[in-house]
Every structure is written in structure tokens, then in C-alpha cells.
Amino acid sequence: MTIKRLAPEERLSGASVCGNMVYLAGQVADDATLDAEGQTADILRQIDALLAEADTSKSNLLSVQIFLADINDMAAMNRAWDAWLDRDNKPARATVEAKLADPSWKVEITGIAVIG
């Protein structure tokens with residue numbers, strides 16, 4: 001089975017596609033000066049772009065994991081999430097507090113989607 005790598009960087013790919021599955025790397029904001037809501041919106045825009053490149057969309061997300069540097073940012077993150085979410089096709093989701101690799105990151109999001 002062929003594996004396609006999207007948005008390759010020095011140490012990782014933004015997503016990997018195998019068969020009809022898309023595996024997103026942890027996505028972080030391009031602009032780390034934004035607040036949690038802004039970083040989340042930025043990340044969701046990136047996710048939309050990666051999914052489009054893989055010929056799928058947020059409607060086909062199966063699961064999402066959200067990592068917050070501060071769990072108190074959950075309401076702000078959820079405002080951006082709720083504005084973006086396809087309400088007819090909500091993925092399974094987990095949200096946890098975690099120390100992120102860069103202290104300026106407030107949010108990191110990863111997920112798995114199906115192509116189809």
C-alpha cells in the first residue's frame with residue numbers, strides 16, 4: 001500500500017495518507033502570539049487545508065485530540081471549534097491539558113479522517 005506524505009518538514013509530515021485514511025500530525029498555530037481562540041482558528045484553517053490536499057474534509061474526521069497548555073483556555077478554544085465544526089458530522093474528541101513543546105503554543109490539535 002502506498003503512503004503519501006503531505007506538507008513534509010524537517011522532522012515530520014503535516015499528514016500521512018494511507019489507503020483511505022488521513023493521519024494528521026499535531027498542528028500548531030502559525031502565529032503563536034494569538035490567544036487560545038485565535039490559535040485554534042489558525043490550526044483549524046491548517047487542518048482544512050491538509051484535509052483538502054488529501055481529498056477529504058472536516059466532515060470526514062473520525063477522531064480529534066486537542067492539547068491545551070492551560071485547561072482554563074478550553075472555553076476560548078471551544079469558541080473557535082464551535083464556529084468551525086460541521087454539526088452534522090462531529091468527530092469523537094478528547095481534550096487534555098499538556099505541556100507543549102514551545103511555551104508560546106497554547107493549543108495543538110491532531111486527528112484522523114477518512115477519505116470518501
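Preceding block: the structure.
What you are looking at is a predicted structure, and each value in this text was computed from that prediction instead of being measured.

Student: Which residues make up the environment of P91, and what values do they have?
Tutor: Along the chain, the position of P91 falls in the loop between α2 (74-84) and β5 (92-97). Residues P91 and S59 lie 32 residues apart in sequence; the distance between their C-alpha atoms is 8.1 Å. Every residue in contact with P91, bar those within four places of it in the chain, is listed here: L61, L62, S63, V64, W81 and L85.

Student: I'd like to hear about the pattern of salt bridges, residue by residue, with values.
Tutor: Overall, the coordinates contain five salt bridges when judged by the stated rule. Here E37 makes a salt bridge to R79, at a shortest N to O gap of 3.0 Å. One end of the pair, E37, is in helix α1 (residues 36-53); the other, R79, is in helix α2, with 42 residues separating them in the sequence. The partly exposed category is assigned to E37, whose relative accessible area is 28%. Since its relative accessible area comes to 46%, R79 is described here as partly exposed. A network of salt bridges, in which partner residues are shared, links D30, D42 and R45.

Basis of the calculations
- Residues numbered from 1 in each chain as written.
- Predicted model: local features only at pLDDT ≥ 70, side-chain atom pairs only at ≥ 80, totals over all residues.
- Heavy atoms only, no water.
- Helix = DSSP H or I, 4+ residues; strand = E, 2+ residues; numbered from the N terminus.
- Contact = heavy atoms within 4.5 Å.
- Salt bridge = Lys/Arg side-chain N within 4 Å of Asp/Glu carboxyl O.
- Buried < 20%, exposed > 50% of the residue type's maximum accessible area, 1.4 Å probe, protein only.

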